[in-house]
2 protein chains.
Amino acid sequence: MVSVGPRRFEHDVVNFRLACDDFQHRVQPERSDHVDKFELKLDQAARAAWLSYVGGRTQDEIASQLGVSRPGVQRLLALARQEGLVKVHIDHPLANCMVMSDAILKRFGLEFCDVVPADPDAADSSAHYLAVAGAERLSRYLDRSEPLTLSLGTGRSVRAMVEALSRIDRPQHRFVSLVGNVARDGSANRYDGVMVLADKTGGERFLLPAPVVAGSVEEKQAMLSQHLFQAIAEVAKQAEAAFIGIGRIDRQATLFQDHFISETELEELLSLSAVGELLGWPLNQAGEVIDCSITRRVTSLPLEMFRDQSLVALAGGRDKGPAILAALRGGWLKGLITDENAARFIIESENL
Amino acid sequence: MVSVGPRRFEHDVVNFRLACDDFQHRVQPERSDHVDKFELKLDQAARAAWLSYVGGRTQDEIASQLGVSRPGVQRLLALARQEGLVKVHIDHPLANCMVMSDAILKRFGLEFCDVVPADPDAADSSAHYLAVAGAERLSRYLDRSEPLTLSLGTGRSVRAMVEALSRIDRPQHRFVSLVGNVARDGSANRYDGVMVLADKTGGERFLLPAPVVAGSVEEKQAMLSQHLFQAIAEVAKQAEAAFIGIGRIDRQATLFQDHFISETELEELLSLSAVGELLGWPLNQAGEVIDCSITRRVTSLPLEMFRDQSLVALAGGRDKGPAILAALRGGWLKGLITDENAARFIIESENL
DNA sequence: TCATCGATCGATCAAATGATCGGACAGGAA
DNA sequence: TTCCTGTCCGATCATTTGATCGATCGATGA
């Protein structure tokens, strides 16, 4: 899955390295006849490149046309690409997305990164695309016929993803919710993502009978020691991949709006410069889990548990940028599905 | 040598056909879900194209990344190219030349066409490039070790070409001058192209002991019946290729300036709408040899003789455009070495 | 409901491409 | 002059790419 290195067109990110190679090549022989020779070679390279990329000739044809051997043509083409003579442009709105996706992928060592297009003006324009892209990735797992365990976080994005999924019969699969589906008032969320997913596939469902954040440290301990909780946690540990959302930490934060944390607690998190949360675990700008009074009451499985799973995050919108960036910096994610706006924020923040 | 058809990038000329194919595909299913489906496919195609051409991924990598089979990726890439999503630009002054060269090559069914860059302001800027390009082609023949017969016309371009040639030891080759090296006053040109070429290679030289245009029909007949003349003509017939210049027919014409034809004769040619000449044979705009009083006195070998030889013409400059175009239209040439200015004239005249 | 048509998809093979290696050649130092 | 060193060039092999063909799936109409 990991790219084995630049193969054909070395633009964008890679160009930098090649430019350096070039530097060593060209600056050393400064004398004019050498430069002339180089220019001549470049001319030939340009011809070869044109014949190959625009004219669509094969290297054999080019070879006989330019009067060199085929390997010679190959060297000319390589030269032309190194010197940046060949410019490829993909004429499609997705091209930008691909550029950013690739940059993020490489920067944070992800296994995949999908960036869906979004209109910067229309705030929620990308929500549906995000859901579809997520469903696409999700169904990649579900397609398999061998039994599979997947875990899901909460959030609008995750929810929309499973709703965008088309029905598929996979009774052998198991789905676990990573985040308690019980609100602080004790009401259970009947429409948890796992429920929908299990309905659509006919698979088994495992729901965590707990709130995200317990009322007290003691309550958390009590919950963690429950047999049922431990059994479900055990299933979650076997999951191959986890699809989760990324939460902001500010007054619009889901954690706060849904009353999982109080205003005082929010203030505390903000004062500790939390910028996002993963499964209820608050992260600072560097992506480290912040140790504070709230952390000690979070009932979610510890993030370390997901080191050997494919932790896939879905989140979009420029507002979520800082939170997504934190998750990336922490190295928690294996996959990211986001939108153009958030991606642009990340690219800018990291100077990519 | 002939192109076997579009292979990879179908731009420029070929794009037209592909656009038609596309038309049939896309217009028939006008219903919106079909269009949507097509759009989705195009999105995928854009992604695939980006990953392949910009990202430099291999098709296998793209396949696993997009979750389709490798042939699927191939179809996506083909689609992307058909739809014109992939734009390739060669960032080099020669790119224009290559475009024109290719257009001329295809339009007139040449075996090769070299277009060298030229500054439209500096009139003679391309003369040297032309010579070098010609020498390049010439040495392609000379490199061969088997005995070879080549014939040469006259003119500054041909002369410059042989001078640009580097020395090479080929005593087995034979070189024939196609145009008399005797001026009307009887003086022989000691520095004929053939002389230089034979000097540089050590090959045999055959010079036509005649002026281009004889003084009268009788003189021509006398000359053609000479044994020496016939012997040399016989050698010329065995030539594999002929490198010749292309002459204008106007007051700047070499034929006229060197007094091979008189002012009256020039007027006659112009009144018959001659626009150029090949080895002294005047051509009209369609490239047909004009039958007139001068034609009957031209001592050069008939152009028909070169139908099964590689007749290669060297000529540049916008002024020579009409003459070159005539030679091309007549279908006399197998190869053309010209410059940007002349090429542009040809492209514009033929609406390419 | 079934048969047929069409389209799409993936396995297979041929062609084209990229990379490595050994050898030749030129330029420079002993 | 001879040897050495670095560079360039072309033969060969592995990989990648393109194209064809049969199979499968879904749609359409009887």
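Just so it is clear, the model here is predicted, and its values are computed rather than measured. (Residues numbered from 1 in each chain as written. Chains lettered and ligands numbered in written order. Predicted model: local features only at pLDDT ≥ 70, side-chain atom pairs only at ≥ 80, totals over all residues. Heavy atoms only, no water.)

Enquirer: Please clarify how the relation of the copies chain A and chain B should be interpreted in this entry.
Expert: The pair of chain copies shares a relation made of a rotation about an axis and a shift along it. Least-squares fitting of chain A to chain B yields an RMSD of 0.2 Å, with the superposition described by an axial translation of 0.0 Å and a rotation of 179 degrees. Taken together, the rotation angle and the small translation identify this as a two-fold axis. For chain A, the minimum C-alpha distance to the rotation axis belongs to valine 88 of chain A and amounts to 2.3 Å. Here 98% of the interface residues in chain A have copies in chain B that are interface residues too; the copies meet face to matching face. (Least-squares fit on C-alpha atoms with pLDDT ≥ 70 in both. Contact = heavy atoms within 4.5 Å.)

Enquirer: Any chance you could explain the side chain of aspartate 102 of chain A here in plain terms?
Expert: Inspection of the secondary structure assignment puts aspartate 102 of chain A in helix H5 (residues 94-108). Overall, the relative accessible area of 6% leaves aspartate 102 of chain A in the buried class. In this structure the side chain of aspartate 102 of chain A is engaged in a polar contact, spanning 2.4 Å, whose partner is the side chain of arginine 57 of chain B. Leaving out residues up to four positions away in the same chain, aspartate 102 of chain A has contacts with Trp50 and Arg57 of chain B. (Helix = DSSP H or I, 4+ residues; strand = E, 2+ residues; numbered from the N terminus. Buried < 20%, exposed > 50% of the residue type's maximum accessible area, 1.4 Å probe, protein only. Polar contact = N/O pair within 3.5 Å; in protein donor to acceptor, adjacent residues only side chain to side chain.)

Enquirer: For this particular structure, what's the right way to read the interface of chain A and chain B?
Expert: Interfaces are frequently sized by the accessible area removed from exposure as the parts join. Taken together, the contact between chain A and chain B spans 46 residues of the former and 45 residues of the latter. Carbon and sulfur atoms supply 55% of the area that chain A and chain B bury against each other, a total of about 4,200 Å² over both sides. In terms of surface lost to chain B, no three residues of chain A exceed Trp50, Ile90 and Met98 of chain A, which account for 16% of the buried area on that side. Our enumeration of links across chain A and chain B arrives at four salt bridges. At the surface where chain A touches chain B, the tally comes to 14 residue pairs in polar contact (both at pLDDT 80 or more). Secondary structure elements with two or more residues in the side of chain A that touches chain B: helix H2 (32-54), helix H3 (59-66), strand S1 (86-90), H5 and helix H6 (127-142) of chain A. Among the residues making up the side of chain A that touches chain B, the classes are represented as 21 nonpolar, eleven polar and 14 charged. (Buried area = accessible area lost by both parts, 1.4 Å probe. Salt bridge = Lys/Arg side-chain N within 4 Å of Asp/Glu carboxyl O. Nonpolar A, V, L, I, M, F, W, Y, C, P; charged D, E, K, R; others polar.)

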